[in-house]
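# Geometric and topological summary
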Amino acid sequence: MGIRIGGQIEKVNAKELSYSEFVLKYMEKNQPVVMIGLMDDWKACKDWVFDNGKPNLQFFSTHFGNSRVQVADCGTKEFTDQKRVEMSVSEFVDHWLENSMEEQSGASTNLSHGHHVLYLKDWHFVKEYPEYLAYTTPLFFCDDWLNLYLDNYRSWTPLHADVFRSYSWSANVCGRKQWLFLSPSQCNRVFDRNMKGSVYNIFDDVSEKEFPSFKEATWLECTQEQNEIIFVPSGWYHQVHNLEDTISINHNWFNSYNLSWVWDLLLRDYDEAKEYIEDIRDICDDFEGLCQRNLAANTGMNFNDFYFFLTHFCLANVVELCCLRRNCENSIHSSSLVAQHLAMNLRSVQKIVLEIESVGGLAGNRGIFLDIRETLDDPSFLNLCTGLERVCGMMHKLKSGNIDTKKDLVDDLMDLDSIRTNGSGVFKAEELVIFIDKAIANLGGTNGDEIVLLSERDGA
């Protein structure tokens with residue numbers, strides 16, 4: 001069964017694209033795009049690639065060879081993924097050199113002279129080698145709540161690629177890739193009748209009986225060349241084929257524009273976790289607790305983890321609003337793009353908190369313990385604030401303020417948090433909603449009703 005190609009992914013020169021244009025054309029509309037002109041100064045593009053465009057594998061063996069990495073066997077399926085094995089980078093390079101993809105009789109066979117092709121993936125390179133500055137995250141992708149938070153609260157389980165309906169960006173340091181995309185509105189077409197299993201390889205002979213709607217799917221296609229970055233929006237199913245020996249740098253992230261996608265998937269995974277153990281509800285002393293533990297094990301976090309993240313990220317945005325007011329004249333602050341951006345962040349958090357509360361997501365706990373004084377003394381939280389300030393400064397070309405003043409913001413935050421006694425104790429969802437309203441009204445230069453999330457325009 002062949003697939004139906006309905007068009008090509010747009011390719012743009014990113015040097016001629018402003019951040020606001022990227023937001024309006026692609027991030028807000030949740031549309032993929034290939035971007036060129038963003039990798040010219042990357043160290044990875046010089047160290048990792050020969051002049052002829054081929055990967056410099058010996059560089060990896062020499063400088064990073066002892067690292068232990070997860071490698072997928074492209075010829076072996078295990079559940080819904082490829083089978084993984086662990087090996088050193090040097091071992092992987094030796095295998096690659098012995099069984100070069102260029103010597104394959106056909107790339108689609110996943111075999112090289114009788115050996116399966118191996119694919120090193122999900123190597124958290126930057127965390128392992130923070131001193132080696134392989135690349136600089138492009139401005140378009142800097143509004144990254146996920147990695148900003150994980151950098152400071154490492155107990156939260158990192159997400160795997162293509163989960164959580166996060167955005168992703170993928171940069172080709174060398175080689176070429178073929179991408180096939182299916183829009184979120186058509187994703188039901190790759191699932192079976194029960195919406196449980198999905199097609200593993202769209203180029204297989206897909207059973208029409210098992211996947212009756214698959215043949216009706218219309219795909220978008222593109223070929224990603226060396227030194228090009230592709231923006232993968234939330235909820236787009238995609239299949240990727242390496243056309244040559246390839247090295248790529250990939251990131252998953254989310255922010256206010258796709259936070260609702262993250263919550264929707266977390267809720268869906270929760271419903272599936274609960275359905276899976278429904279038959280033991282009557283004999284389980286803490287059925288909801290078990291559901292949440294299973295959700296955390298399967299997805300990377302549960303409702304309380306997500307609420308912890310929302311609460312701390314909310315507070316960091318409020319701290320930035322306070323600092324912005326201190327560092328700017330009131331007339332400038334009121335119309336500031338930064339203030340609008342921070343207020344939009346808060347409104348997106350508030351929207352999700354209301355949805356969590358509406359489904360009883362915090363039942364039995366109904367909040368997290370948070371002491372504002374202690375939080376403002378927490379190095380992890382102050383680092384989160386510093387990172388957020390840096391990102392806002394990059395996006396809106398704003399000079400950084402004095403991070404040390406944040407410890408003097410207790411009175412401002414306590415006034416906003418007057419609903420709780422002394423700003424300590426359990427921070428319930430309804431209290432967080434009120435806290436956000438007061439923060440936007442008092443600090444955002446607006447009554448809050450004037451803010452419109454870009455992601456809600458045009459029905460996006």
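Details of the structure are given in the entry above.
Residues numbered from 1 in each chain as written. Predicted model: local features only at pLDDT ≥ 70, side-chain atom pairs only at ≥ 80, totals over all residues. Heavy atoms only, no water.

This brings us to the overall build of the chain. Across its full length, the chain carries 15 helices and 16 strands. The buried share of the chain, taken over its 460 residues, is 50%. Sequence separation of 24 or more characterises 77% of the internal contacts of the chain that already satisfy a separation of 6 or more. (Helix = DSSP H or I, 4+ residues; strand = E, 2+ residues; numbered from the N terminus. Buried < 20%, exposed > 50% of the residue type's maximum accessible area, 1.4 Å probe, protein only. Contact = heavy atoms within 4.5 Å.)

In space, the 4 strands of this open sheet follow the order β1-β11-β10-β13, with mixed pairing throughout. For this open sheet the edge positions go to β1 (4-8) and β13 (237-242), each flanked by a neighbour on one side alone. Between one strand axis and the next, the sheet turns through 30° on average, direction left out of account. By the bridge criterion, 5 bridges tie strand β10 (residues 177-182) to strand β11 (residues 218-224) in an arrangement that is antiparallel. Note that in β11 the partner of W179 across the bridge is C222. (Pairing = 2+ DSSP bridges. Axes fitted to C-alpha atoms, helices over the stretch in contact; angles between N-to-C directions.)

By size, the foremost hydrophobic cluster in this structure holds 66 residues, and its most contacted members are F306, V318 and L413. Looking at this core, the element that brings in the most residues is helix α9 (residues 303-327), giving 15 residues. Each residue touching L413, except ones within four places of it in the same chain, is listed here: L315, V318, V319, C322, I372, L376 and F435. A44, W123, W253 and M344 belong to the second largest nonpolar core, which has 52 residues in total. (Core = buried A, V, L, I, M, F, W, Y, C linked by side-chain atoms within 4.5 Å.)

One can find K177 in strand β10. Leave out the neighbours within four places in its chain, and K177 touches S170, N172, C222, T223, Q224, V240, H241, N242, L243, T246 and S248.

It is worth spelling out the pattern of salt bridges at this point. Where charged atoms from two side chains of opposite charge approach closely, those side chains can pair. Evaluated as defined, the whole model comprises 14 salt bridges. Here R347 makes a salt bridge to D437, at a shortest N to O gap of 2.8 Å. Here R347 is found in helix α11 (residues 337-358), whereas its partner D437 is found in helix α15 (residues 429-443), with 90 residues between them in sequence. (Salt bridge = Lys/Arg side-chain N within 4 Å of Asp/Glu carboxyl O.)

Moving on, we get to the packing of helix α3 (residues 57-64) against helix α4 (residues 89-98). Where α3 contacts α4, the two axes come as close as 9 Å, and the packing angle between them is 160°. With respect to each other, α3 and α4 are oriented roughly antiparallel. The hand of the α3/α4 crossing is left-handed. Of the residues in α4, those touching α3 at L57, F60, S61 and F64 are V89, S90, V93, W96 and L97. When the residues that make up the contact of α3 with α4 are grouped by side-chain class, the tally is 7 nonpolar, 2 polar and no charged. (Parallel < 35°, antiparallel > 145°, perpendicular 65-115°, else oblique. Left-handed = near helix turned anticlockwise from the far one by under 90°. Nonpolar A, V, L, I, M, F, W, Y, C, P; charged D, E, K, R; others polar.)

The next thing to look at is unusual backbone geometry. In this structure, N30 takes a positive phi of about 60° despite not being glycine. N30 gets classed as buried once you look at its relative accessible area, which sits at 10%. Even without glycine at this site, N227 takes up a positive phi of about 65°. Within the fold, N227 resides in the loop between β11 and β12 (228-232).

In terms of residue burial, β10 counts as a mostly covered element, since 6 of its 6 residues are buried. Residue alternation in β10 divides its side chains into two sets, K177, W179 and F181 and Q178, L180 and L182, and both sets are buried. Pairing of β10 with β13, which is carried by 6 bridges, proceeds in the antiparallel orientation. Within the sheet, the bridge partner assigned to F181 lies in β13 and is H238.

Going through the model one piece at a time under the given rule, you end up with 0 disulfides. C323 takes part in no disulfide bond, and the closest cysteine sulfur to it belongs to C322, at a distance of 6.8 Å. Judged by relative accessible area, C323 falls into the buried class, the value being 3%. (Disulfide = S-S within 2.5 Å.)

Taken as a whole and assessed by the stated rule, the structure comprises 45 aromatic pairs. An angle of 75° between the planes, with centres 5.4 Å apart, marks the rings of F64 and Y132 as edge-to-face. Pair noted here: F64 is in helix α3 and Y132 is in the loop between α5 (125-128) and α6 (145-150), with a separation of 68 residues, a long-range link. With respect to class, F64 is no different from Y132; both count as buried. An aromatic cluster of three or more residues is present, and its members are W145, Y149, Y153, F254, W263, Y270, F303, F306, F308, F309 and F313. (Phe/Tyr/Trp six-rings, centres within 6.5 Å; stacked < 30°, edge-to-face > 60°.)

With mixed pairing, 5 strands are arranged side by side in an open sheet as β2-β3-β12-β9-β14. On the outer flanks of this sheet lie β2 (11-13) and β14 (247-253), each paired with one strand and no other. Going from strand to strand, the sheet's axes swing by 20° on average, the running direction of each strand aside. Both strand β3 (residues 33-36) and β12 contribute to a ladder of 4 bridges, which runs antiparallel. Note that in β12 the partner of I36 across the bridge is E228.

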